[in-house]
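Listed below, chain by chain, are the residues.
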Amino acid sequence: MQQVGEHNMSDHYQVDKREIEFCADRLNIEFNNLCYYPSGKKVKSSKQKPVLNNICGKFYSGRLTAILGPSGAGKTSLLNVLAGFKKNGVTGSIKINGRQRNVQKFRKQSSYITQEFAILKLLTTKETMVFAADLKIDSDIDKILSLLGLEKVMDVPVAKLSGGEKKRLSIGLELLSNPPVMFFDEPTSGLDSSSALQVISHLKSLAEGGRTVVCSIHQPSSQLFQMFDDICVVAEGQCLYSGPVDDLTSVFEEAGFQCPNFYNRADFVIDVACGERGDNRDKLIEKFNAKECDLLECQQVADSEEISMLHLTTQKWNDTAIQICTEKEVYAGTSYPQSGWKQFQVLLKRSLMCSLRDKMAVHLRVICHLIIGLLLGALYYDAGNDAAKVMGNISCIFFFKLFLVFANGVPSILSVPLETSVVLHEHLNNWYSLEAYYFSKMIADIPLQIICPTVFLLVGYFLTGQPSDGTRFLQFWVLCLLITLISHNLGLAMGAFFKNPEVAMFVLPASNIPLVLFSGFFLNLRDMPKWLGWLCYVSYFRYAFEGSMQCLYGYDRPNLECSQVYCYFKSPQKLLEEFEMVNSVYAYDALALLVWTVLLQLSVLIILKMRIRNFQ
């Protein structure tokens, strides 16, 4: 029966199918007895239900399929499992064209556009497409932009695009590689009815080009609903129906659910899935399962180790021939579209371009370092060569390091959340390796990490009257550079580790307070309790302060000028004795800071890998 609002689309939303690139590889997806428990979650009660509970269904190429259901039904989890983004805690069978799915190979043949699709906002629409094409394969970018109606915003920054334009851009990015399978999580979320219709029209055209297009959708209008070819209805992790849209109402009627005349079928399906139209939902599930599924009970899993064992057991369902082919496909599917060196080059260029356009990262930080350097120079003017001001100068030296830590650590935290989301999506969609991104990010950040402390030091160092010896200045600059790199990497690590930036913003200064206390500035090493003295050896503030004292007052520096009748610390040697730094070696302090830098850089890579593993 024709429902209200279900009519042919106006020509305004029609997509010229001649412009759609045909997909030669047709992949049909079949899944049976699919169960999913969140990875690592211990099951303490036998009554605990899996997120996906024996879901079965088939998605065909050339057809647009919608996964429909209420909030919390398991729509996104089903997409994550089918796309290969979730691997641990999954049991059941997923087949591609009748053969057991190989996750690595399938990820190269598919793309997954999440609901919150993260895109670098400082790039223009065309630049975003160009970088994506460089990481994948050469494609006709202008043709895709025209196809998606984005030719008028090619030179507009992503941050200024509308919600619908961003959605279409996300489609275009994945369309570059012409994948035979495309998954979309809530592609119409946050869009008005006109933009939503445009997006679904494009998805319909992609499906008609031979692709398998599957998207989850919450509650579509009648006009959107009639554009889908197939519907998969899920509720509480179970499947109520999976098949053509035209057969939906008749199947529901056989189970005792009558769709009222002139009623949106999507709303009717949601009502049934929520249990608002009677308690016969179980009959619908049983009817579907009896027809489509070979039911196996979802097994309760105690921990992640048992999840992995259960997953391995599932793999043994394959026969020997399929196992041999799968092993070959795993080996062949581990590569990326471009070489590691090419990935590094593209990502480095993209990171540098974004950094130069980030006013917060470049202009504001450089200006801030310049202003604080001037302020510090005015406050401690010519204190470095006056024995009467030596204690004030030592405070100035310590503040040099303290400022560089907080001025470079906090902005690094703020830059992480968006970039981490971008990396998570692009890496899982097989754009590039995590190592290629990591090295490009580390190198792209170096220019700014050099410019900021250098600007600060050129102003503050000479205004405060520090030694005008080139060697001493260079040594002091190296310490400032290392402490800047340490704080930058610490900010990146904390920003990547804590999903909430506010927590990372609190932990960064809080974790640095103990290191400041054991720097040797507030309390001499000999006066510290022995059971706490070991903390001095893990404090990078201690090595930065000790190395600064050595390069500015060591190496047999002549006596300081005294502006008063008597100056106790006129001899730099006596000053070093007071702080118990006579026997300290600058090279050891610089080496300790270098070790800190390397360890924190490695921690960033480890944390990123942990984030990806936890997501999966």
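Just above sits the structure.
Values in this document were obtained by computation on a predicted structure and should not be read as measured data.

S.K.: Quick one: what's the story with the state of the cysteines, residue by residue and with numbers?
M.R.: Using the criterion set out here, one finds one disulfide in the structure. A sulfur-sulfur separation of 1.8 Å characterises the disulfide bridge that pairs Cys 562 with Cys 567. Taking the sign of the torsion about the S-S bond as the criterion, the disulfide between Cys 562 and Cys 567, at about 80°, is right-handed. When its relative accessible area of 9% is taken as the criterion, Cys 567 is described as buried.

S.K.: Report on the sheet that holds strand S1 (residues 29-36), specifying residues and quantitative values.
M.R.: Within a sheet, each strand pairs with its neighbour through backbone hydrogen bonds, oriented either parallel or antiparallel. On the basis of which strands lie adjacent, the open sheet formed by four strands has the order S2-S1-S4-S5 and antiparallel pairing. A single partner strand is all that each edge strand has here, and the edge strands are strand S2 (52-59) and strand S5 (99-100). Of the pairings in the sheet, the one linking S1 to S2 comprises five bridges and is antiparallel in character. Residue pairing in the sheet places Ile 29 in a bridge with Phe 59 of S2. Contacting S1, S2 and strand S4 (90-96), helix H1 (residues 75-83) crosses the sheet at an angle of about 120° to S1.

S.K.: Tell me about the pattern of salt bridges, and please be specific about residues and values.
M.R.: Taken as a whole and judged by the stated rule, the model has 10 salt bridges. Note that Asp 229 and Lys 204 form a salt bridge whose closest N and O atoms lie 2.7 Å from each other. In this pair, Asp 229 is assigned in the loop between helix H7 (222-225) and strand S9 (230-235) and Lys 204 in helix H6 (residues 193-208), connecting sequence segments 25 residues apart. Both residues of the pair, Asp 229 and Lys 204, belong to the buried class. Within this structure, Glu 419, Lys 441 and Asp 445 form a network of salt bridges that share partners.

S.K.: Quick one: what's the story with a nonpolar patch on the surface, residue by residue and with numbers?
M.R.: The grouping of Phe 497, Leu 591, Leu 594, Val 595, Val 598, Leu 599, Leu 602, Ile 606 and Met 610 at the surface amounts to a nonpolar patch, some 790 Å² of accessible area in total. No other element matches the eight residues that helix H22 (residues 586-615) contributes to the nonpolar patch. Residue placement: Met 610 occurs in helix H22. Here Met 610 falls in the partly exposed class, since its relative accessible area comes to 34%.

S.K.: Any chance you could break down unusual backbone geometry for me, citing the residues and the numbers?
M.R.: What you tend to see is this: most non-glycine residues have negative phi, and most peptide bonds are trans. At Asn 97, a position not held by glycine, the phi torsion is positive, near 50°. Structurally, Asn 97 can be placed in the loop between S4 and S5. At Glu 580, a position not held by glycine, the phi torsion is positive, near 55°. Note on placement: Glu 580 falls in the loop between helix H21 (572-578) and H22.

The rules behind the values
Residues numbered from 1 in each chain as written. Predicted model: local features only at pLDDT ≥ 70, side-chain atom pairs only at ≥ 80, totals over all residues. Heavy atoms only, no water. Disulfide = S-S within 2.5 Å. Buried < 20%, exposed > 50% of the residue type's maximum accessible area, 1.4 Å probe, protein only. Pairing = 2+ DSSP bridges. Helix = DSSP H or I, 4+ residues; strand = E, 2+ residues; numbered from the N terminus. Contact = heavy atoms within 4.5 Å. Axes fitted to C-alpha atoms, helices over the stretch in contact; angles between N-to-C directions. Salt bridge = Lys/Arg side-chain N within 4 Å of Asp/Glu carboxyl O. Patch = residues over 30% accessible without salt bridge, like charges linked within 9 Å, V, L, I, M, F, W, Y side chains within 5 Å. Areas by Shrake-Rupley, 256 points an atom, 1.4 Å probe, with all protein chains shown as cover.

Function cannot be inferred from these measures alone, as they are strictly geometric.
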